[in-house]
Each structure stands twice: as C-alpha cells, then as structure tokens.
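Coordinate analysis (summary)
Here's the letter readout for the chains.
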2 protein chains.
Amino acid sequence: MASHGTRGRGGRRPTLEEVAARAGVGRGTVSRVINGSPRVSEATRAAVEAAVEELGYVPNNAARALAANRTDAIALVVPEPETRFFAEPYFSDMLRGVGAELSETEMQLLLIFAGSDRERRRLAEYLAAHRVDGVLLVSVHADDPLPDLLGQLEIPAVISGPRSSAETLTSVDSDNFGGGRQAVEHLLARGRRTVAHITGRLDVYGAQRRVDGYREGLRAAGHVVDERLIEPGDFTEEGGRRAMTRLLERCPELDAVFAGSDVMASGARQVLREAGRRIPDDVALVGYDDSAIARHMDPPLTSVRQPIEEMGRAMIELLLNDIADSRPAVSRDLERRHAVLPTQLVHRTSS
Amino acid sequence: MASHGTRGRGGRRPTLEEVAARAGVGRGTVSRVINGSPRVSEATRAAVEAAVEELGYVPNNAARALAANRTDAIALVVPEPETRFFAEPYFSDMLRGVGAELSETEMQLLLIFAGSDRERRRLAEYLAAHRVDGVLLVSVHADDPLPDLLGQLEIPAVISGPRSSAETLTSVDSDNFGGGRQAVEHLLARGRRTVAHITGRLDVYGAQRRVDGYREGLRAAGHVVDERLIEPGDFTEEGGRRAMTRLLERCPELDAVFAGSDVMASGARQVLREAGRRIPDDVALVGYDDSAIARHMDPPLTSVRQPIEEMGRAMIELLLNDIADSRPAVSRDLERRHAVLPTQLVHRTSS
DNA sequence: AGGTACTGTGGGAGCGCTCCCACAAGTGAT
DNA sequence: ATCACTTGTGGGAGCGCTCCCACAGTACCT
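The sections below set out a description of the structure shown in this document. (Residues numbered from 1 in each chain as written. Chains lettered and ligands numbered in written order. Predicted model: local features only at pLDDT ≥ 70, side-chain atom pairs only at ≥ 80, totals over all residues. Heavy atoms only, no water.)

Turning our attention to the sheet that holds strand 3 (residues 134-137) of chain A. Residues and elements named next belong to chain A. Read from one edge of the open sheet, 6 strands run 2-1-3-4-5-11, paired in parallel fashion. Every other strand in the sheet has two partners, leaving strand 2 (108-113) and strand 11 (338-341) as the edge strands with one partner each. Taken over all neighbouring pairs, the strand axes of this sheet differ in orientation by 20° on average, direction set aside. Where strand 5 (residues 170-174) and strand 11 come together, 4 bridges link them in parallel fashion. Paired with Asp-173 across the two strands is Val-340, which belongs to strand 11. (Pairing = 2+ DSSP bridges. Helix = DSSP H or I, 4+ residues; strand = E, 2+ residues; numbered from the N terminus. Axes fitted to C-alpha atoms, helices over the stretch in contact; angles between N-to-C directions.)

Next up, the structure:
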C-alpha cells in the first residue's frame, strides 16, 4: 500500500502496462525489452527504454515470479550451526566464490542455516514451497536426508563433495585423488622412503579418494604399497594422535607421514614430538586442507590446498545450467555434471 | 511414511482452489484458515486442515506476495565488505539475535553486503523493486546515503546506532552514555584519582555519548572534569597509541585510562608498557566492546560489553512493528522508536 | 502470380493468491 | 413479527507479470 517510485505518477509504482502506453507499444513488447529478447527492433527498444527511464519503472518481482514460475533466487544451505559457519574459513571462501559468480546475474543468494532440527524443518517447508530455483549444498554428511528431499522435490541442486562415485546430484569436488597422489609424490621426491598415511573417515568419499591417490602415488613410483602403513583416522586431532601412535609402534622405521587433514596432522605431530622424532629431520609431515592450522603449526605444515573459492564459482555455474535445463526438458550432459577442480601442494617447512 | 506432503513427480503443486474443493468449502475460507483468521468455525477449520494435509498443500509465495503486496522478507544490510563481516564477532552476534527473533515468525532474512559501489548499486535497485518489507541497517557511517534512500522509498527500516540524537529512522542502540559512566565509576571505585579518556571518532554519535558519560561519571563523584585528560582517538590502534603518548606527556600523573574501544586500549597499552607503566599497578585500563581483543590482551582487559545479540532481537521487534504500522496508516509512537539497551562492565585484571 | 519463411508486434489468457462485498443463518432486543 | 447486529461463508475482481497465438509486413523463393 506504500506510495513510492522515484517519479511515479500519483505515488503508485508504474506498471508494465503504463510503460507500454507511454511508449506507444503493447504489453508484450515492453516485456520483451525488459527481458532482453532479441526479437525487438532497435527503434522500439529505444522508445521503451526511454519510457522505462521516464517513469522510473522497476518490474514487480512477485508478479514476475508468479507468471513465470520462477523465483530468481537460489539458496546456499549450510547444514551446520551458525557458529561453525563463522569459525571456518571454508564457508567464507565458498561464499566469496559463490557471491562473485552470482553477481554477474540477476539471481539472488539466500543463506540458510540448517544446523538444528527446527531449522531443518523450516528449510523443508521452504523448499516444499519452491521458494528458490535451486540449492547449493555444502558440507553434507553421508546420512543426510536433504539431498534426497531435493531430488524428490525436483529442485535443481549442486553438492560440494559428492557422497560417492555414484552421486546422483550434480557435484563439485576437488581432486582428492590427485591431492593424495601429490602429497606422496612430494614426499618421495624429497627422498623419503617409507611414507605412512593417516586416513580420514572412510565413509567420507573424499577421504577414500585420498587413500586411493596415496596408493597410486606409491605405485607409480615403483613402490609396493605396504598396508601396515595405512592407518584410519576420523578427521579429529585425537584420532590423528591415536593413528600416529599405532603407526610408530607398527613401523618405527617410517620417515614420512601424509595425514588426510591438517587437524589430524596436528595430532600426529604431537605424538611424533613425544616420541622424540624431529620434524622434518626424522619424519616429514604433510597435511590436507591448507587451513589456518597448517600455517600456524610449529613447524609450518606442508599441506594440500583445495580451491574453495573456485569451487563456489563452479557450483553456481553448474547450478545455473541445471536450472536452465530443467525448464525445457533437455537431456542433460551427464559427463559435465561432476566438476573436479585441481588441488595444489603448498610447501612449508614440515617436509 | 504416509502419503502426506511431497507430491513427488515434479507434478503440479496443489492450489488453494483444489484444497477448497477437497474440503468442500470456498476459496476465501481456505485462505482464512491458512492465514490464521479467527473468523472460521472449528469444524470448518479442521476440514480445511485435513485437506491441506492430504494434498500436501503449500501456499505459493509469489501469488501471495502479488495479491497482498508484501514479501515476507526483510534484509540485513551490511555496508561493509564481506571480509569484515566474517572477521568481526559484532556481526555474527547480531545475526544470531536477529535470526533467533525472526525464527518465531514466517519472515525470511536476507543477508546483503553493500561494501563495494557495485554492490550498493545492486542494493539500490533491489530496494527500488521493493523486494523486502523492511531493512535492518547495521554499522552505518555518518555520511552514508542509504538511510535517506530508505526514507524516500518509504521502506520501514531500523538502524543500529543512531547517527545523532535526532535520528529519523527507528533505531536501536546500547547505552553509550551509561557505558562511559560505568567505566569511570568503576575506576574511581577502585581508588583511581586521575582518569583519562581516549575518545572514538567524535563524528560517531556513540563515541560522543561515551565522552558525555565519562564527564558525568566524574561530575557525579564530585570531580572536576579536567579537559586535558580527554584526548581524541579514531577507533584505531595507532590512534590509541598517539592519544596515549600525548596524554602521558601532558599528564604524567594519570593513574587510569578509559579507552573508547578495545582496539584503542590495545594501542594505549603498548605505549604504557614502553613508558614503563605497569598495568594495572601504575595505570588501570578499561576498554569498550568486550571484543576478543579484550579477553586475549595481556593483562586481560576490563571492558564495557554491549548486548549485541539482544540489540539484534530488539531491531527485529521494532522493524516488525514498523512494518505492521506502515500498512494501515497508523500514527507511530515516536517515543518507542528508539530503543536503548543497557551495557555491562566486564571486570578483568587490567583494572 | 502464389507459396513459404521469417521478423516484429499486440493482446488474451492465465499464474495462485488476498481482499472485500454480498449474503445466509443465528441471536437478542424491541 | 421486525429490526439490528454478529458470525461464518462463497466467490468476483483484481494484483502485474509472462507466455503464446495471431497476424501484418517484408523477403525470397518457385
């Protein structure tokens, strides 16, 4: 009921119809102009644009959404409590990439936390109401029902970190396999002979792929993979400590450790210290994630960096594709629906 | 799982009309039920609710927005680059309060950064299109054109930290006057005699109020305010350093300093150290904001805490009021449009 | 000459709601 | 019995767009 508009007649916001009247054209033509259709002559376009300018016309979004059955909004869903969101640079990096890519478009980004049960219920309603055209899902746990819900509702969605090699949702991932391999190759190249690996939780697909990369790195260099050198961790510091303890007992001769995450590397470092092994002199250590921990560790930790910001950009790109495709029923290019971005080894003094 | 909700198969979503048919009532009645109108008999309500459940009906938001001329969304506008948003706990605290209060309602929160010129242009368009019912403005600089734009567009808005005592927008603030006074009273109560004050930028209203509180604290205790003890800073660490240097030159006999922000207190601390003054033995130090800096300073800094989360809640409360009032033209209760929340002194070892 | 294919344009028919007026039925006072 | 309310209900009339069909005009074939 508000009255507004920079130069609105009588305070009401001008409608498309009024613009059409002023420009001396039909409604359809104005619609074509403001939506950038090419099927409009130059002269007409100019006339309409002038009328838009004079009246200070701004399209009514609700009417648009209703008529076109779209919302021009996508949601970034964070299935974590807010505190983690602010604490971990992963999310802000991701948000930066997403925001940058999205600013090229008219799309709007909604940030939705779904950490608590209550928030999740709200989210489910939200999605059921189709209030967004698509969803970006970051940091999803293996048993999360959210991806399936999205599938059922047929809402385009892109997930960061596929849940398996048979991920049904469009996904973006970093090259965990390549990252694992890079870590091993780096250690071997620096003259290490016995490289152990502390894995992440193996029900996380990415962790599994890092193990695969580790194996491949050894094999490609002509080494035989010694299973005793692989010890499962769980992404926690304590898990890293336990794993490192076992590895030292089992293979005291090891001279390098590749940990599946910086946090586990930190746990491993403590155990190595206590055992009197110097880093990197006696044992070289490589982590994964290139997080703040890596930079602040003593000694600074060599780590495999994932291009999080680029992953964010890639997610948007894929999602916009999916959204565009989902309107006319176009067969989707399945090969292009799983992007994998390269990792990079950041060398510091721990190796 | 029973067959409610989630019509699978991308099929059409049920409309209000279909719910009405199923429940054997008219469209208007269903609308009344889903909007919680009291003018519906118990029996009818139950029938409609059953139909809603059976069909898995969810209102179409766009249609609602178009017909009712509202969006059920409000924007939290942060006129800062994203990096600051993530770096400062101020914003996450605020967001927590806002989110908590908002989760009681059907309203949706949009987080909008307006740090760059480009982002600001986008925001202006966004607001012109009336895509939100109201706006929360945090951390606004004195010369920011945003508040005026909001006024012109007649969009309800609440600002955190009024720009002056004559703020036109609805505002929420912490009691800067009381906070300043508390700091001084605390220092005097602990036996200090000569309390200096490093102010914030005096074109920031809140900083000015802290100075007023400082004066009042001294006066109320029977002290004469010595203007030589007041030195302007600019909220930066370097500014704190400069101010402290001057104060020491001018009044070497001072035995307490109240800094208008923790960051400036940190600068002051360095200068005091270099001058060989011990904290708190020789000089007691009190900051403002109770930020992470305060907790991590050596020695931990006594500081005045602002109830940021509660401020967020209060902002939502006021905004929702404004939005409700702006629909029927009700005269607003001007007295209630400027909330001031109490501050609290957090005592640590620096005083 | 007619046929075929475009390009550019106007406007009808909705999209799914809310608002509001009309009206039936019930209640109590006259 | 009438009147004056109140309560509950149905449904018409939009809200401001997009989609799509119809059709005039032009161009280039047979």
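Going from Ile-279 of chain A to Pro-280 of chain A, the amide bond is cis rather than trans, its omega being 5°. Structurally, Pro-280 of chain A is set in the loop between helix 12 (262-274) and strand 9 (284-288). The backbone of Asp-72 of chain B shows a phi angle near 60°, a positive value even though the residue is not glycine. You can see Asp-72 of chain B is positioned in the loop between helix 4 (61-68) and strand 1 (73-78).

Another point: the protein's contact with DNA strand D. Near DNA strand D you find 27 residues, and of these Leu-16 of chain A together with Gly-26, Arg-27, Thr-29 and Thr-44 of chain B are the closest. For DNA strand D, the backbone portion of the atoms within 4 Å of the protein, that is sugar and phosphate, comes to 59%. A distance of 2.7 Å separates a phosphate oxygen of DNA strand D from a polar atom in the side chain of Tyr-57 of chain A. Gly-26 of chain B places a polar main-chain atom, nitrogen or oxygen, 2.6 Å from a phosphate oxygen of DNA strand D. Elements represented by at least two residues in the surface near DNA strand D include exactly helix 2 (27-34) and helix 4 (61-68) of chain A together with helix 2 (27-34) and helix 4 of chain B. In terms of residues, the surface near DNA strand D owes the most to one element, helix 4 of chain A, which gives 5 residues. Along the lines of polarity and charge, the residues of the surface near DNA strand D split into 11 nonpolar, 10 polar and 6 charged. (Near = heavy atom within 4 Å. Polar contact = N/O pair within 3.5 Å; in protein donor to acceptor, adjacent residues only side chain to side chain. Nonpolar A, V, L, I, M, F, W, Y, C, P; charged D, E, K, R; others polar.)

Should their charged atoms come close, side chains of opposite charge can pair. Taken as a whole, this structure holds 54 salt bridges over all chains when the rule is applied. Put simply, Glu-238 of chain A and Arg-241 of chain A hold a salt bridge, and the shortest N to O gap is 2.6 Å. Of this pair, Glu-238 of chain A and Arg-241 of chain A both sit in helix 11 (residues 237-250), 3 residues apart, which is roughly one turn of that helix. What makes Arg-241 of chain A partly exposed here is its relative accessible area of 26%. Between Asp-290 of chain B and Arg-348 of chain B there is a salt bridge, with its nearest N and O atoms 2.9 Å apart. (Salt bridge = Lys/Arg side-chain N within 4 Å of Asp/Glu carboxyl O. Buried < 20%, exposed > 50% of the residue type's maximum accessible area, 1.4 Å probe, protein only.)

Right, let's get into the sheet that holds strand 10 (residues 302-305) of chain B. Residue and element names in this part refer to chain B. Taken in spatial order, the 6 strands line up as 7-6-8-9-10-12 in an open sheet, and their pairing is mixed. The strands lining the two open edges of the sheet, one partner per strand, are strand 7 (230-232) and strand 12 (344-346). Taken pair by pair, the neighbouring strands of this sheet meet at an average axis angle of 20°, ignoring direction.

Attention now moves to the protein's contact with DNA strand C. The environment of DNA strand C is made up of 27 residues, and the closest members are Gly-26, Arg-27, Thr-29, Arg-39 and Thr-44 of chain A. Contacts to DNA strand C include Arg-39 of chain A, whose side-chain N or O atom sits 2.6 Å from a phosphate oxygen. One of the side-chain N or O atoms of Arg-27 of chain B is found 3.0 Å from a base oxygen in DNA strand C. Mapped onto the surface near DNA strand C, the elements with two or more residues apiece are helix 2 and helix 4 of chain A together with helix 2 and helix 4 of chain B. Of the residues forming the surface near DNA strand C, the biggest block, 5 residues, is contributed by helix 4 of chain B.

We now examine the side chain of Ser-37 of chain A. Residue and element names in this part refer to chain A. Structurally, Ser-37 is set in the loop between helix 2 and helix 3 (42-55). The buried category is assigned to Ser-37, whose relative accessible area is 17%. Here the side chain of Ser-37 touches Arg-39 through a polar contact of 3.1 Å, landing on its backbone nitrogen. Apart from residues no more than four positions distant in its own chain, Ser-37 is found in contact with Arg-32 and Arg-45. (Contact = heavy atoms within 4.5 Å.)

Once that is clear, we can look at the side chain of Arg-192 of chain B. All names here are of chain B. Mapping Arg-192 onto the fold places it in the loop between helix 9 (176-189) and strand 6 (195-199). Although Arg-192 is buried, it forms no salt bridge, and the closest oppositely charged side chain is Asp-255 at an N-O distance of 5.1 Å. A polar side-chain atom of Arg-192 sits 3.2 Å from the main-chain carbonyl oxygen of Asp-255. Here Pro-280 takes part through its backbone oxygen, which lies 2.8 Å from a polar atom of the side chain of Arg-192. (Lys, Arg positive; Asp, Glu negative; His and termini not counted.)

Before going further, it helps to examine the relation of the copies chain A and chain B. Mapping chain A onto chain B is achieved by rotating through 180° and translating by 0.1 Å along the same axis, at an RMSD of 0.3 Å. A rotation of that kind, with that shift, is consistent with a two-fold axis. By C-alpha distance to the rotation axis, the residue of chain A lying nearest is Ala-62 of chain A, at 2.5 Å. Comparing interface residues between copies, 84% of those in chain A also lie at the interface in chain B; the contact surface is shared. (Least-squares fit on C-alpha atoms with pLDDT ≥ 70 in both.)

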